[in-house]
Amino acid sequence: MNIKITTDSTADLPQALLEEHNISTIPLSVLAGDTLYKDGLEIKPEDVFEFYKKSGKMCSTSALNIEEYSGFFADY
């Protein structure tokens with residue numbers, strides 16, 4: 001039996017750990033103001049902190065839709 005470890009991007013695991021254990025990551029969506037980003041690809045934690053410092057507003061996250069999850073897990 002094969003086991004594959006996956007996580008979503010909000011786990012914020014270090015890249016070295018992801019590579020060492022062959023962990024695949026699916027990026028969740030981050031809404032900063034009126035702009036939607038893919039976490040870890042288009043926006044990083046430091047960008048979220050900077051957004052808060054400048055705007056005083058928190059970012060929010062959302063799960064992906066079923067098609068995005070299906071596509072991600074289809075490879076495994």
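Above this text is the structure in question.
Residues numbered from 1 in each chain as written. Predicted model: local features only at pLDDT ≥ 70, side-chain atom pairs only at ≥ 80, totals over all residues. Heavy atoms only, no water.

Participant: Is there a simple way to think about the layout of surface pockets in this case?
Facilitator: Where empty space is left in the structure can be found by rolling a water-sized probe over the atoms. Of the pockets and cavities examined, the largest pocket occupies roughly 280 Å³. In terms of lining residues, the largest pocket is bounded by 17 residues, among which Ser9, Asp12, Leu13, Thr25 and Gly40 are the most central. When the residues that make up the lining of the largest pocket are grouped by side-chain class, the tally is eight nonpolar, five polar and four charged. Surrounding the second largest pocket, Thr10, Asp12, Val30, Asp39, Pro45, Val48, Phe49, Cys59, Ser60 and Thr61 form its lining. Contributing elements (two or more residues each) for the lining of the second largest pocket: α2 (45-55) and β5 (60-62). When residues of the lining of the second largest pocket are assigned to their parent elements, the largest contribution, three residues, is made by α2. (1 Å grid on protein atoms, 1.4 Å probe; cavity = no way out; pocket = protein on both sides within 12 Å on 5 of 7 lines; lining within 4 Å. Points joined across faces, edges and corners; volume = space filled by probe spheres on them. Nonpolar A, V, L, I, M, F, W, Y, C, P; charged D, E, K, R; others polar. Helix = DSSP H or I, 4+ residues; strand = E, 2+ residues; numbered from the N terminus.)

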